[in-house]
Structures are given as structure tokens and as C-alpha cells.
Amino acid sequence: MFGNYLIGLREGLEASLVVCILVAYLVKTDRRDALRPVWLGIGIACTISLAFGAALEFGSQELTFEAQELLGGSLSIIAVGLVTWMIFWMRRTARHLRSELHGKLDAALQMGTGALVATALLAVGREGLETALFVWASVRAGGEGRSGPLVGVLLGIATALVLGWLFYRGALKINLAKFFTWTGSMLVIVAAGVLAYGVHDLQEARFLGGLQNKAFDITSTVPPDSWYGTLLKGVFNFQPDPTVVQVTVWALYLIPTMLFFLAPQRGKSGRPAPAAPPKPSPESSSEPAQKSSSEPASKAP
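For clarity, every value in this text was computed on a predicted model and none was experimentally measured.

Undergrad: Can you break down the overall build of the protein residue by residue, with the values?
TA: Within the protein, the regular secondary structure consists of 10 helices and 0 strands. If you list the helices and strands of the protein from N to C, you get α-α-α-α-α-α-α-α-α-α. By the burial criterion, 41% of the 301 residues in the protein qualify as buried. Within the protein, residue pairs in contact and separated by at least 24 positions form 82% of the contacts whose partners lie at least 6 positions apart. With the model as given, the accessible surface of the protein reaches about 17,100 Å², and the carbon-plus-sulfur share is 67%.

Quick look at the structure:
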């Protein structure tokens, strides 16, 4: 439930910020007539995201067991890739998000209503589709049933909507860079568990081998049906008897991804920004004046 709350909060806040920026810009530029197409695009994006999630949930039930595992494992890996890209993208572009959206909105205003609908749809729809895919993959990995994960993601989205409204009203100011760093770090851990479970699905589908080759088995110490086993499973997708392949993939994803994510950001050239050149001292700045004043004196008869 915690992992789904986190993805709902993170993705929901990104979408809320996008909506707040678009609406505030139109209001401040006295273009309230363009609000209706923007809200229409947002509504279409939400509808498509819900339909995508329903198709994943109910469409997969018609497949055989091995086909379900193959589909679930493949989509889990895709979901982890998308969420990882989203985490790094927001870390890199959060400070420039406002100017980027303003530029796209200016172009859409010149092109007409259809472009406004498309701008809002694409800006919000990406977060919606990512949320639907990752939550579906996380539900499969967590094994909590349907009510718990659904409640978690709805609470996360509701929290994000409240925060977005407070941002718009100017009643709340938080350090977004720190917020996205903390939530991004936790999502990397959650994504590592989803990736390991996706690999397990592929092993059960007989697409990958090594299903019986266990790295360790501590089910007697951490029973899956105990409260702490359920908590570890729900938060970190922890499995007490993972395979060697699962543990290897988990470590190969988690360690380098976390190191890259927490590393200091660099400039566009990939190097730290060069230091500013030292300012000339008063003595050195006065030398040319002294030279120029002495030259005419030397030429005097």
C-alpha cells in the first residue's frame, strides 16, 4: 500500500503542478477563454489512463497462467524503466518546467483549440499512463489483493491534489527539489522490488531459467503471512525466498541507479560549471592608464 501511495503522490503531484502552471498562466494573461479546452484535455487524459489500467487488469485475466506471467513480467520491467526515466527527468528539468510549459502553451494558443486540448492531454496523460502501469505492476508484485493498493494510490492522488491546490493558492511553499529527491530515492527502492518480481514472473513463465535456484530462504524467520512479512512485502516487495537471478537483478538495478540519482547534478556539458575569472586588482587596472599617460610624456621634446 505504501508503494502505491508513493507513486500516486509523486505522479499526482507532477500532474497537479503541470495543471497549476497551465491554469495560472492563462488566468494571469487574461486568456480564461482557453481554460475550457485545457480542462477538456485533462479530462481526456484521465479517462485514457483509467481505461488503460482497466484493460491491463481485466484483459490479462483471459490469458493462460504462463501468458499472464510473461505479460506481467514484461510490463513490470517496462514500468520500472518508465518510472526510472521519470525520476531522472523530473530531477533534471523541475527547475525549468514552468518556462517549458509556458512556451508550449504560447504555441498552442496561436494554433487554436485543438492544440490546447493536445497540450493538456499530453502533459497530464503521460503521468496518468505511467501511474496506471506502475501501480498494476506493483499490485502484482505486492500480492495484497485489490482494495489495499487501490486505497493507497487514491490516497496518494488525493494528497497530491490538495498540495497542488495549496500551491496554486499560494498557501504552501516547500522545497520541491528536496521533495522529489526523497520520493525519488524511495521509488528507486520500490522499483527495484517490482523489477525483481517481474523477473520472477518471467521465470515462472519459463522464459528465464533458475526458478529452483534460491539465493536464500528465510520463510521460517519472516513468514509471508505475518504482519511484518506483509509490511515488508507491501513496502519493499520483499520476498523471503528469492532466486539468485532475482537478487542479482535487484542489486544491479538498485545500487548504480541510487548512486547516479543521488550524485550531484552537473551542467549540460557534463562538467562542473567553471569558476568565474578573478577580478583585476586596482594596481593592475591602473597600469594601462599609467602607461598611456607616460607615453606622451616620453615623446615630448
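That was the structure; now back to the text.
Undergrad: I'd love a proper account of the nonpolar core, names of residues and values included.
TA: One finds V83, I87, F134, L187 and Y253 to be the most contacted residues of the largest nonpolar core, which totals 26 residues. Sort the elements by how many residues they give to this core and helix α7 (residues 176-204) lands first, with 7 residues. If we ignore the near neighbours within four places in the chain, the residues touching I87 are R10, G184, L187, V188 and F261. Counting residues in hydrophobic clusters, the runner-up holds 22 residues, among them V19, I21, I42 and A115.

Undergrad: Go over a nonpolar patch on the surface, please, and point to the residues and values.
TA: On the surface, L40, I44, I48 and L129 cluster together to form a nonpolar patch covering roughly 310 Å² of accessible area. Taking the relative accessible area as the measure of exposure, L129 reaches 36% and is therefore partly exposed.

Undergrad: Help me get a handle on the packing of aromatic side chains, residues and values and all.
TA: A complete count under the given rule lists 1 aromatic pair for this structure. A ring pair is formed by F88 and F261, whose centres lie 5.7 Å apart and whose planes are at 90°; its orientation type is edge-to-face. With a gap of 173 residues between them, F88 in helix α3 (residues 65-93) and F261 in helix α9 (residues 244-262) connect regions that are remote in the sequence. Exposure remark for F88: the relative accessible area of 23% places this residue in the partly exposed category. On the accessibility criterion, F261 (3% relative accessible area) is buried.

Undergrad: Any chance you could break down the side chain of Q246 for me, citing the residues and the numbers?
TA: Note on placement: Q246 falls in helix α9. For Q246, a relative accessible area of 3% translates into the label buried. Polar contacts involving the side chain of Q246 include one to the main-chain amide nitrogen of T243, which spans 3.2 Å. Look past the residues within four positions of Q246 in its chain and what remains in contact with it is A196, Y197, V199, H200, Q203 and Q239.

Undergrad: How would you sum up helix α2 (residues 35-59)? Please name residues and give values.
TA: The terminal C-alpha atoms of α2, which comprises 25 residues, lie 35 Å apart, in line with the 36 Å expected from a rise of 1.5 Å per residue. For α2, the complete set of buried residues consists of L35, P37, V38, G41, I42, A45, S49 and L56.

Undergrad: Tell me about unusual backbone geometry, residues and numbers included.
TA: With phi around 65°, R206 is a residue other than glycine that occupies positive phi space. Within the secondary structure, R206 is located in the loop between α7 and α8 (227-236).

Undergrad: Requested: an account of the side chain of S16, with residues and values cited.
TA: On the secondary structure map, S16 appears in helix α1 (residues 2-28). Of the residues examined, S16 reaches a relative accessible area of 7% and is grouped as buried. Of note is the side chain of S16, whose polar atom sits 2.8 Å from the backbone oxygen of G12. Once you skip the residues sitting within four places of it in the chain, S16 turns out to touch A160, L161 and G164.

Undergrad: Lay out α9 in plain terms, naming residues and giving numbers.
TA: Spanning 19 residues, α9 covers 27 Å between terminal C-alpha atoms, matching the ideal 27 Å at 1.5 Å per step. When α9 is considered as a whole, its buried residues turn out to be Q246, Y253, L254, T257, M258 and F261. Buried residues along α9 cover an arc of 105° about the axis, so they all sit on one side. The exposed residues of α9 that point more than 90 degrees off its buried face are L252, I255, L259 and F260.

Undergrad: I'd like a description of the environment of G53, backed by residues and values.
TA: Locating G53 in the fold gives a position in helix α2. On the basis of relative accessible area, G53 is assigned to the partly exposed category, the value being 21%.

Undergrad: Report on the environment of L195, specifying residues and quantitative values.
TA: With respect to the secondary-structure elements, L195 resides in helix α7. Sequence spacing of L195 and I77 is 118 residues, and the spatial spacing of their C-alpha atoms is 5.7 Å. Residues in contact with L195, not counting those within four places in the same chain, are I77, V80, V249 and Y253.

Calculation criteria
Residues numbered from 1 in each chain as written. Predicted model: local features only at pLDDT ≥ 70, side-chain atom pairs only at ≥ 80, totals over all residues. Heavy atoms only, no water. Helix = DSSP H or I, 4+ residues; strand = E, 2+ residues; numbered from the N terminus. Buried < 20%, exposed > 50% of the residue type's maximum accessible area, 1.4 Å probe, protein only. Contact = heavy atoms within 4.5 Å. Areas by Shrake-Rupley, 256 points an atom, 1.4 Å probe, with all protein chains shown as cover. Core = buried A, V, L, I, M, F, W, Y, C linked by side-chain atoms within 4.5 Å. Patch = residues over 30% accessible without salt bridge, like charges linked within 9 Å, V, L, I, M, F, W, Y side chains within 5 Å. Salt bridge = Lys/Arg side-chain N within 4 Å of Asp/Glu carboxyl O. Phe/Tyr/Trp six-rings, centres within 6.5 Å; stacked < 30°, edge-to-face > 60°. Polar contact = N/O pair within 3.5 Å; in protein donor to acceptor, adjacent residues only side chain to side chain. Expected span 1.5 Å × (residues − 1). Arc of directions from axis to C-beta.

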